[in-house]
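Now for the letters of each chain:
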Amino acid sequence: LEARASRARAVANEVGWSGGGTPMLFNISTDPRETDDLAGDPAWEPQLRALLERLTWHNSTAVPCRYPPVEPTFDPLATGVLGPF
């Protein structure tokens, strides 16, 4: 099992995927509960590689999130109200 995860991480590194962790791949047609991870299976490596390359491209073109600064008075747990408005 660890060898399969290691292979999946190696493919992710080769592609340049920066999603973190170990990639997982499931065939939801035959495994709808996602119990059999196919990411490290050599037979599924072309599909894993193609999907990771596509995700890497999408991530490279994505606009980063810009969250507003934290407003300390806007804390319903501390103040009991959802505000200020």
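See the structure shown above.
These numbers were taken from a predicted model, which means no experiment stands behind them.

What counts, and at which threshold
Residues numbered from 1 in each chain as written. Predicted model: local features only at pLDDT ≥ 70, side-chain atom pairs only at ≥ 80, totals over all residues. Heavy atoms only, no water. Helix = DSSP H or I, 4+ residues; strand = E, 2+ residues; numbered from the N terminus. Rg over C-alpha atoms; globule rule 2.2 N^0.38 Å. Buried < 20%, exposed > 50% of the residue type's maximum accessible area, 1.4 Å probe, protein only. Contact = heavy atoms within 4.5 Å. Areas by Shrake-Rupley, 256 points an atom, 1.4 Å probe, with all protein chains shown as cover. Lys, Arg positive; Asp, Glu negative; His and termini not counted. Charge placed at Lys NZ, Arg CZ, Asp CG, Glu CD. Salt bridge = Lys/Arg side-chain N within 4 Å of Asp/Glu carboxyl O.

### Focus on the overall build of the chain
The helix and strand inventory of the chain stands at 3 helices and 0 strands. In the chain, the succession of helices and strands from N to C terminus is α-α-α. Relative to the globule expectation of 12 Å for 85 residues, the C-alpha radius of gyration of the chain, 20 Å, shows a markedly less compact shape. Taken across its 85 residues, the chain has 19% of its residues classed as buried. Sequence-distant contacts, at least 24 apart, represent 42% of the contacts inside the chain between residues at least 6 apart. Element-wise, carbon and sulfur atoms account for 60% of the exposed surface of the chain, whose accessible area totals about 6700 Å². Charged side chains in the chain number 7 positive and 11 negative. The centres of these two groups are separated by 4 Å.

### What to know about the environment of Ala-8
Mapped onto the fold, Ala-8 is located in helix α1 (residues 2-15). Judged by relative accessible area, which is 1%, Ala-8 ranks as buried. For the pair Ala-8 and Leu-38, spaced 30 residues apart in sequence, the C-alpha separation works out to 8.9 Å. Excluding residues that lie within four positions of it along the chain, Ala-8 makes contacts with Thr-22, Pro-23, Ala-39, Gly-40 and Leu-48.

### Topic: the environment of Phe-74
Among the structural elements, Phe-74 can be located in the loop between α2 (45-61) and α3 (76-79). On the basis of relative accessible area, Phe-74 is assigned to the partly exposed category, the value being 38%. Considered as a pair, Phe-74 and Ala-43 are 31 residues apart in the sequence and their alpha carbons are 52 Å apart.

### Things to note about the pattern of salt bridges
Counted under the stated rule, the structure contains 6 salt bridges. Between Arg-4 and Asp-41 there is a salt bridge, with its nearest N and O atoms 3.8 Å apart. With Arg-4 in helix α1 and Asp-41 in the loop between α1 and α2, the pair connects residues that are 37 residues apart, well separated along the chain. Classification of Asp-41 by relative accessible area gives partly exposed; the value is 23%. Ionic pairing is found between Arg-7 and Glu-45, a salt bridge with its closest N-O pair at 3.0 Å. Taken together, the positions of Arg-7 in helix α1 and Glu-45 in helix α2 put the pair 38 residues apart, joining distant regions of the chain. Linked by salt bridges that have partners in common, Arg-7, Glu-14, Glu-45 and Arg-49 make up one network.

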